Amino acid sequence: MKKKLLSFLAIICSLCVMCGCATEQKDYTEESAAQAADSISVGFSQVGAESDWRSANTDSMKSSLTKENGFDLIFMDGQQKQTKQITAIRSFIQQGVDYIVLAPVCETGWDSVLDEAYEANIPVIIVDRMIQINNDNRYSCFVGSDFYLEGRKACEWLNQYATAYDIAKEDIHIVDIQGTIGSTAQIGRTKGLVESAKKYGWDIREKTSGDFTQAKGREVMAQMLRQYNNINVVYCENDNEALGAIEAIEAAGKHAGSNLKNGDILVLSFDGINETAINYALEGTIACIVECNPLHGPRVRTIIDSLERGENPDKIEYVDETLYSSVNVIKSVTVDGAKYDVTLLTQDVIDSREY
Ligand code: GYE
């Protein structure tokens, strides 16, 4: 891309000289040519705009891969459709970008298009969610969250909560509002719940997708509340679904909170970006939120910088994430022998967050 741009701009410059353009204009064009030649072109295929997490992630990418930082970013919104993302990647290949960044809506079905990027010699960086592919050399590296770990952290929190408040395992009746089916965020969070339910003997009444949106979260929760009369835990695979679920709980004349013995429905959630959701966790309407960090822009920038220097960044980079609790009794959770602190959500904690 840089080479193509240089020759294109060189032609423009010589045309200007031939046409007798003013000297200042020539200087200006040469300056732009130099700038454009130096800039790194990046095609970013984003999943969509389904949640607050996604908007924060888009902002982070756009504010890191800026002209001032030496990038020429081409942003394409996939509207939650893999076909649109594949079309976007093909157009990036056509344009001869220097790098392709992909936040994949789902894990499978990327082989052909990433073969094409590989043949075109364009490095691909996977962000946020993972892909399953035959040849791992079709992407340079991945940066994002460990969703399976996130799910298990939430469930360890629930187990300790049940122990602390003396709730028998057979009295726990969970519904799972899943994310977009087939996305790593959904696969990992659902797997964490299913395995923990088996381990602790909890009853999962139903698992159904809310597509990571508030509207769908409300709709499926309303439907499940009509169907089952003993739901006392709702495991929402993101905050937007949790907001929808809470609306449905209230509309059904029930209460979202931590007092299960008094008939409350305990809401567990993921992300911690949406302000209303965070404030709900502060007041106890949401019992626990596993943070999911969306600030991948600076991370992608660091990866590209190191690839430019000819280095090999880590193939897989997981980001650190906090576990926020509305109650003070649970201090830490342990997953696979590793201990993770639980942060009691306070106004000070909210004020000190990066987003
Ligand atoms: O949790 C959800 C979003 O892949 C981490 O996608 C992301 C998830 C996030 O729509 O809110």
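As shown above, the structure is provided for reference.
Residues numbered from 1 in each chain as written. Predicted model: local features only at pLDDT ≥ 70, side-chain atom pairs only at ≥ 80, totals over all residues. Heavy atoms only, no water.

A.B. asks: I'd like to hear about the overall build of the protein chain, residue by residue, with values.
C.D. replies: Scanning the protein chain from terminus to terminus reveals twelve helices and 14 strands. Here the contacts in the protein chain between residues at least 6 apart in sequence split such that 71% fall between residues at least 24 apart. Of the roughly 15,900 Å² of accessible surface on the protein chain, a fraction of 48% belongs to carbon and sulfur atoms. (Helix = DSSP H or I, 4+ residues; strand = E, 2+ residues; numbered from the N terminus. Contact = heavy atoms within 4.5 Å. Areas by Shrake-Rupley, 256 points an atom, 1.4 Å probe, with all protein chains shown as cover.)

A.B. asks: Describe the pairing of strand E2 (residues 71–77), with residues and values.
C.D. replies: When strand E1 (residues 40–46) meets E2, the two strands line up parallel, connected through seven bridges. Each residue of the ladder has a partner; that of Phe44, found in E2, is Phe75. (Pairing = 2+ DSSP bridges.)

A.B. asks: Can you break down the packing of helix H3 (residues 52–64) against helix H11 (residues 297–308) residue by residue, with the values?
C.D. replies: For the pair H3 and H11, interaxial distance at closest approach is 7 Å and the crossing angle is 40°. Of the possible angle classes, the one that applies to H3 and H11 is oblique. Contacts between H3 and H11 involve Ser60, Met61 and Ser64 on the former and, on the latter, Gly297, Pro298, Val300 and Arg301. Broken down by class, the residue content of the contact of H3 with H11 amounts to three nonpolar, three polar and one charged. (Axes fitted to C-alpha atoms, helices over the stretch in contact; angles between N-to-C directions. Parallel < 35°, antiparallel > 145°, perpendicular 65-115°, else oblique. Nonpolar A, V, L, I, M, F, W, Y, C, P; charged D, E, K, R; others polar.)

A.B. asks: Outline the layout of surface pockets, listing residues and values.
C.D. replies: Any empty space left between the atoms is revealed when a probe the size of a water molecule rolls over them. Empty space within the second largest pocket amounts to approximately 170 Å³. Taken together, 13 residues form the lining of the second largest pocket, with Glu107, Met130, Asp146, Thr184 and Tyr318 sitting closest to its centre. Secondary structure elements with two or more residues in the lining of the second largest pocket: helix H6 (147–164), helix H7 (184–200) and strand E11 (316–318). It is H7 that provides the largest number of residues to the lining of the second largest pocket, a total of four residues. (1 Å grid on protein atoms, 1.4 Å probe; cavity = no way out; pocket = protein on both sides within 12 Å on 5 of 7 lines; lining within 4 Å. Points joined across faces, edges and corners; volume = space filled by probe spheres on them.)

A.B. asks: Please set out the nonpolar core residue by residue, giving values where relevant.
C.D. replies: Core analysis: the largest hydrophobic core is formed by 41 residues, its most contacted members being Ile100 and Trp110. Breaking this core down by element, the ones donating at least two residues are E1, helix H4 (82–95), strand E3 (99–102), helix H5 (111–119), strand E4 (124–128), strand E5 (141–144) and H11. Ranked by residues supplied to this core, first place goes to H4 with five residues. Apart from the residues within four sequence positions on either side, Ile100 is in contact with Gly43, Ile89, Phe92, Ile93, Ala117, Ile122, Pro123, Val124 and Ile125. The next biggest cluster of nonpolar side chains, apart from the first, holds 28 residues, and it includes Val234, Cys236, Ile246 and Ile289. (Core = buried A, V, L, I, M, F, W, Y, C linked by side-chain atoms within 4.5 Å. Buried < 20%, exposed > 50% of the residue type's maximum accessible area, 1.4 Å probe, protein only.)

A.B. asks: So what's going on with helix H10 (residues 275–283)? Which residues, and what values?
C.D. replies: Buried within H10 we find Ala277, Ile278 and Ala281. Within H10, the buried residues cover an arc of 100° as seen down the axis, which keeps them to one side. Exposed side of H10, more than 90 degrees from the buried face: Glu275 and Glu283 are the residues found there. Those residues of H10 hidden inside the fold are in contact with helix H9 (239–251), strand E10 (288–291) and helix H12 (347–352). The N-terminus of H10 is capped by Asn274, whose side-chain oxygen sits 2.8 Å from the backbone nitrogen of Thr276. Looking at the residues trailing H10, positive phi occurs at Gly284, about 100°. (Arc of directions from axis to C-beta. Polar contact = N/O pair within 3.5 Å; in protein donor to acceptor, adjacent residues only side chain to side chain.)

A.B. asks: Please set out the site of the ligand residue by residue, giving values where relevant.
C.D. replies: Around the ligand there are 13 residues in total, and Glu50, Asp128, Arg129, Asn238 and Asp271 lie nearest to it. Within the side chain of Arg54, a nitrogen or oxygen atom sits 3.2 Å from an oxygen atom of the ligand. For the ligand, whose free accessible area comes to 300 Å², the fraction covered by protein is 100%. Assessed atom by atom at 2 Å from the grid points, the ligand resides in the largest cavity. Of all elements in the fold, only H3 and H7 reach the threshold of two or more residues within the shell around the ligand. Of the residues assigned to the shell around the ligand, the class counts are five nonpolar, two polar and six charged. (Near = heavy atom within 4 Å. Sits in = over half its atoms within 2 Å of the grid points.)

A.B. asks: So what's going on with the side chain of Gln178? Residues and values would help.
C.D. replies: Along the chain, Gln178 turns up in strand E6 (residues 173–178). A relative accessible area of 7% means that Gln178 is categorised as buried. In terms of polar contacts, Gln178 uses its side chain to reach the side chain of Thr190, at 3.3 Å. Here Gln178 is in contact with Gln186, Thr190, Lys207, Thr208, Ser209, Gly210, Asp211, Phe212, Glu237 and Glu241, once residues within four sequence places are set aside.

A.B. asks: Residue-level account of the packing of H6 against H7, with values.
C.D. replies: H7 packs onto H6 with a crossing angle of 35° between their chain directions and a minimal axis gap of 7 Å. Read as a crossing pair, H6 and H7 show a hand that is right-handed. Counting all contacts with H6, which are made through Phe147, Tyr148, Glu150, Gly151, Arg152, Cys155, Glu156 and Asn159, the residues of H7 involved are Thr184, Ala185, Gly188, Arg189, Lys191, Gly192, Leu193, Glu195, Ser196, Lys199 and Tyr200. Its residues assigned to classes, the contact of H6 with H7 comprises six nonpolar, six polar and seven charged. (Left-handed = near helix turned anticlockwise from the far one by under 90°.)

Note that every value here comes from positions in space, so none of it alone points to a role or purpose.
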